[in-house]
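Chain by chain, the residues:
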Amino acid sequence: MKLNLIGGAWTEGPRSYRNINPSDTRDVVGDYTVAGREQALDAVAAAHAAFPAWSLSTPQQRFDALDAAGSEILARKAELGDLLAREEGKTLPEAVGEVVRAGNIFKFFAGEALRTGGEVVPSVRPGVGVEVTREPLGVIGIITPWNFPIAIPAWKIAPALAYGNCVVFKPAELVPGSAWALADILSRAGFPPGVFNLVMGRGSDVGAVLLEDERIAGISFTGSVATGKRVAAAAVSRGAKVQLEMGGKNPFVVLDDADLGVAVGAAINSGFFSTGQRCTASSRIIVTEGIHDRFVAAMVERMAALKIGDARAAGTDIGPVVDDSQLAQDLEYIAIGQAEGARLVAGGVALGTNADGAPGHYLTPALFTETTASMRINREEIFGPVASVLRAKNYDEALAFANDTAFGLSAGIATTSLKYATHFKRHAQAGMVMVNLPTAGVDYHVPFGGRKGSSYGPREQGRYAAEFYTTVKTAYTLA
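All residue numbers refer to positions counted from 1 along the written sequence of the respective chain. Predicted model: local features are reported for residues with pLDDT of at least 70 only, side-chain atom pairs are reported and counted for 80 or more only, and whole-chain, interface and lining totals are derived from all residues. Computation of side-chain values: all heavy atoms of the structure, hydrogens and water removed.

**Thoughts on the sheet that holds strand E12 (residues 250–254)**
Put simply, the test is: For two strands to be treated as a pair, DSSP must find at least two bridges joining them. For the purposes of this entry, the term helix denotes a DSSP run of H or I that reaches at least four residues, the term strand denotes a run of E that reaches at least two, and both are numbered from the N terminus. Axis lines are fitted to C-alpha atoms, over the contacting stretch for helices. Their N-to-C directions set the angle, which ranges from 0 to 180 degrees. Every residue pair with non-hydrogen atoms within 4.5 Å of one another is taken to be in contact.
The sheet built from seven strands is open, its strands ordered E14-E15-E16-E13-E12-E18-E19 with mixed pairing. Looking at strand neighbours, the two that pair on one side only are strand E14 (343–346) and strand E19 (432–435), the edges of this open sheet. Averaged over all pairs of adjacent strands, the angle between their axes in this sheet comes to 25°, without regard to strand direction. As paired strands, strand E18 (residues 410–414) and E19 are joined by four bridges and run parallel to one another. Looking across to E19, one finds that Gly 412 is bridged to Met 434. Packed on one face of the sheet, helix H10 (residues 289–304) meets E12, strand E13 (282–288), E14, strand E15 (366–369) and strand E16 (386–392) and runs near 140° to E13.

**Quick word on the layout of surface pockets**
Applied cut-off: Using only the protein atoms, space was sampled on a 1 Å grid; points where a 1.4 Å probe fits but cannot get out form cavities, open sets with protein on both sides within 12 Å along at least five of seven lines form pockets, and lining residues are those with an atom within 4 Å of a point. Grid points are joined across faces, edges and corners, and a volume is the space filled by probe spheres set on the points. Note on residue classes: Ala, Val, Leu, Ile, Met, Phe, Trp, Tyr, Cys and Pro are nonpolar, Asp, Glu, Lys and Arg are charged, and everything else, Gly too, is polar.
Of the pockets and cavities examined, the largest pocket occupies roughly 850 Å³. Phe 221, Thr 222, Gly 223, Ser 224 and Thr 227 are the residues nearest the centre of the largest pocket, which is lined by 33 residues in total. Counting only elements with at least two residues in the lining of the largest pocket, the list comes to helix H7 (203–212), strand E10 (216–222), helix H8 (225–237) and helix H11 (324–339). When grouped by side-chain class, the residues that make up the lining of the largest pocket number 15 nonpolar, twelve polar and six charged.

**Topic: empty space enclosed by the protein**
For the structure shown, the criterion picks out three cavities of 30 Å³ or more. Quantified by volume, the largest cavity comes out at close to 80 Å³. As for the largest cavity, its lining consists of 13 residues, and the residues nearest its centre are Gly 276, Ala 281, Ser 283, Glu 381 and Phe 383. By volume, the second largest cavity amounts to about 60 Å³. Contributing to the lining of the second largest cavity are 14 residues, with Pro 251, Thr 405, Phe 407, Gly 408 and Gln 429 lying nearest its centre. Of all elements in the fold, only E12, helix H12 (395–403), strand E17 (407–408) and E18 reach the threshold of two or more residues within the lining of the second largest cavity. Broken down by class, the residue content of the lining of the second largest cavity amounts to six nonpolar, six polar and two charged.

**Some points on the pattern of salt bridges**
Rules: By salt bridge we mean one thing: a side-chain nitrogen of Lys or Arg within 4 Å of a carboxyl oxygen of Asp or Glu.
Summed over all chains, the structure comprises 23 salt bridges. For Asp 24, the salt bridge identified is with Arg 26, shortest N-O distance 2.9 Å. Of the charged contacts, one joins Glu 380 and Arg 376 as a salt bridge, the two residues approaching to 3.0 Å between their closest N and O atoms. Members of the salt-bridge network, linked through shared partners, are Glu 72, Arg 76, Glu 79, Asp 184 and Arg 188.

**Here we look at the nonpolar core**
Here is the rule we go by: Here, nonpolar core means buried Ala, Val, Leu, Ile, Met, Phe, Trp, Tyr and Cys residues that are tied together by side-chain atoms lying within 4.5 Å of each other. Each residue is placed in one exposure class: buried if its accessible area under a 1.4 Å probe, protein chains only, is under 20% of its type's maximum, exposed if it is over 50%, and partly exposed if it falls in between.
Membership of the largest hydrophobic core comes to 89 residues, with the highest contact counts inside it found for Phe 106, Ile 157, Phe 191, Phe 196 and Leu 198. Ignoring sequence-local partners within four residues, the contact set of Ile 157 consists of Phe 106, Ile 142, Val 167, Phe 169, Leu 182, Leu 186 and Phe 196. Judged by nonpolar contacts, the second largest core, of 26 residues, contains Ala 258, Val 264, Ile 268 and Met 299.

**So, the packing of aromatic side chains**
Going by this rule: Between 30 and 60 degrees the pair is tilted, below 30 it is stacked and above 60 it is edge-to-face, where a pair is any two Phe, Tyr or Trp rings, Trp via its six-membered ring, whose centres lie within 6.5 Å.
Summed over all chains, the structure comprises ten aromatic pairs. Ring centres of Phe 109 and Tyr 163 lie 6.4 Å apart, and the angle between their planes is 75°; on these two criteria the pair is classed as edge-to-face. Remark: Tyr 163 occurs in the loop between helix H5 (151–162) and strand E8 (166–170) and Phe 109 occurs in helix H4 (residues 92–115); sequence separation between them is 54 residues. Both residues of the pair, Phe 109 and Tyr 163, belong to the buried class.

**Some details on the packing of helix H1 (residues 37–55) against H7**
The condition is simple: Any angle from 65 to 115 degrees is called roughly perpendicular, while one under 35 is roughly parallel, one over 145 is roughly antiparallel, and all others are oblique. By definition, any crossing whose near helix is turned counterclockwise from its far helix by less than a right angle is left-handed, and any crossing with a clockwise turn is right-handed.
At a minimum axis distance of 8 Å, the contact between H1 and H7 shows a crossing angle of 40°. Looking at the two axes, H1 sits oblique to H7. The handedness of the crossing between H1 and H7 is right-handed. Contacts from Arg 37, Ala 40, Leu 41 and Val 44 in H1 reach Asp 205, Val 206, Ala 208, Val 209, Leu 210 and Glu 212 in H7.

**Brief notes about unusual backbone geometry**
Even without being glycine, Phe 383 reaches a positive phi, approximately 65°. By the element assignment, Phe 383 lies in the loop between E15 and E16. The phi angle at Gln 461 is positive, at roughly 70°, despite the residue not being glycine.

**Some words on the sheet that holds strand E6 (residues 128–136)**
Spatial strand order, E5-E6-E22: three strands in an open sheet with antiparallel pairing. Strand pairing shows two members of the sheet lacking a second neighbour, strand E5 (118–122) and strand E22 (470–478), which therefore form its edges. On average, each strand axis in the sheet is inclined to that of its neighbour by 20°, with strand direction left out of account. Sheet topology note: the E5/E6 ladder contains five bridges and is antiparallel. In the strand pairing of E6, Val 121 is matched with Val 130.

**Overview of H8**
The α-helix winds at 3.6 residues per turn, so residues separated by three or four positions along the chain end up facing the same way. To keep it simple, the criterion reads: For a helix, the expected span equals 1.5 Å multiplied by the residue count minus one. Here the arc refers to the set of directions running from the helix axis out to each C-beta atom.
Between its first and last C-alpha, H8 extends 18 Å over 13 residues, near the 18 Å set by a 1.5 Å rise per residue. Taken together, the buried positions of H8 are Gly 228, Val 231, Ala 232 and Ala 235. Taken around the axis of H8, the buried residues stretch over an arc of 100°, which confines them to a single face. Residues of H8 that are exposed and angled more than 90 degrees away from the buried face: Lys 229, Arg 230 and Ser 237. Summarising the contacts, the buried residues of H8 are in contact with H7, E10 and strand E11 (241–245). A positive phi of about 80° marks Gly 239, the residue just after H8.

Any functional reading would require information beyond the geometric quantities listed.
Put into C-alpha cells, the structure is as follows:
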C-alpha cells in the first residue's frame, strides 16, 4: 500500500482507498492510504517547522532539487504516462504528454529559482536607498483535481518550492497514483524533510485543515465553482492568500470564412479529447449561418471515425469517463438537452464495455444542434464529451453568444480574417484566447487563468506565478 509523506517519513493513514482503472473496472491500479484530520495537522506542523530554513535556502539548492525532480519525471515519462492513463482514463499519448509537461514545469521553475531578483530604485529623499524584493509566503496548501493528476500538481508545487515556500499537497482522492509517484520523486530530489508533504484524503478531513489552520499562509485550489467559493470564503476570513481555478463553459466560434478542416479539427480536439474532461474544453461551438450545415456534417463524419476504447490501447482517440458518477452526470445532461429540445445528431451512448469486452465507463462523444443560449447544456459545465452547436447570424452575434456566460477561462475562433481574429482577441471575455487552435492546450511558461467565474486571484504558471507564491518587501536605508 502506498503511504502519505509527512515530515520526510512515509506514514500510514487510518483507512485505505482502492484505485480502479476506468478503462477496465476489474483492474485495481493499487491501494493507497487515506489520511485523517490528525495526519493533516501533522503535515502542516512539519511544513511550518521546515519553512524558516527552506525560506533562506540558496537559489542553487532550490535549483538542484527542482531540476532533479524534472529530470526524473522526464526520464520516466513512459512509465508515468502509463500509470496516468490507467488511473484517469486519458489516452496514452495525452498522458505521456501531460507527464512531459510536468517535467518541463519543474525544469522551468528550477531556472526561476535562480532568476528571483528585485529592484534597487532611487528614493524621492536624498541619501536614502530603496530595495524592492520578493520573499516566500510561507506554508502553501495545494488542492488539485482528478483531470490532470500530474500536470496541475506540478504547476502549483514547482513554483511554491522554487520561491522558498513549504507545501502540504492534497490530491483528488480519485487519482492517487500520479500524486504518489510525484511525491516519491520529490522525496528523493533533495528537499529537506517537511518542505514537501503529501496527504491523500477527503476534503472534509484534509481539505478542512488546510482551510482552517492559521499556519497555512496561502491556498492554491483547482476544482469546482461551488467548492472554490467555500475555499475563498474560508481563506479570506482568516487573511490567507488564495488562488482559485474553477470551471469553464468555453466558446469556440466558427466563422463563414474559416478553413473547414482546421475548424473541425480544433472543435473535435477542444470538445472531446481527454474525454471532454478539461476546464479549457469548448462545449459551446458557435457557428455562423453560411458554414453551419457544412460544419455540422463534417463534425458528424469526423466523430463517426473516432475510436473509443481502452486509454492505453494503440489507436484509441477517446478513453473512458473517469468514473461511474461522472458518467451518470454526463448522461443526465444529455437527457436534459434532449428534453430542452436540442437535437442529438451524434453519440451520447454509454457503451458499458470496450471492443475487447472489458467493463469501463465508456461514452460516445455527443453533439447537439439546434440549441439556444438559454439551454442548460449551454449554461452549465458538463465536464464530459458533450458539445452543442449554436447557430449565429454573423460575427457580432457569435461574439455576443461567446461572452454570454458566467465563465471566462478560454475562448477560440476559427477564421481566416485578420480583422475578426484581432477583434476577437481583444473582445472575448476570457483569460486565454485561441485563433485557429483548440481552446484546450496551453504552454507551461506563460500565464494560465481566466476571468469571471473561472478564476480568482493571481495567475498560475510562468513568471506570473510569483504574484501568488511570494510577498513583496520594500526596504529603505539611510546612506
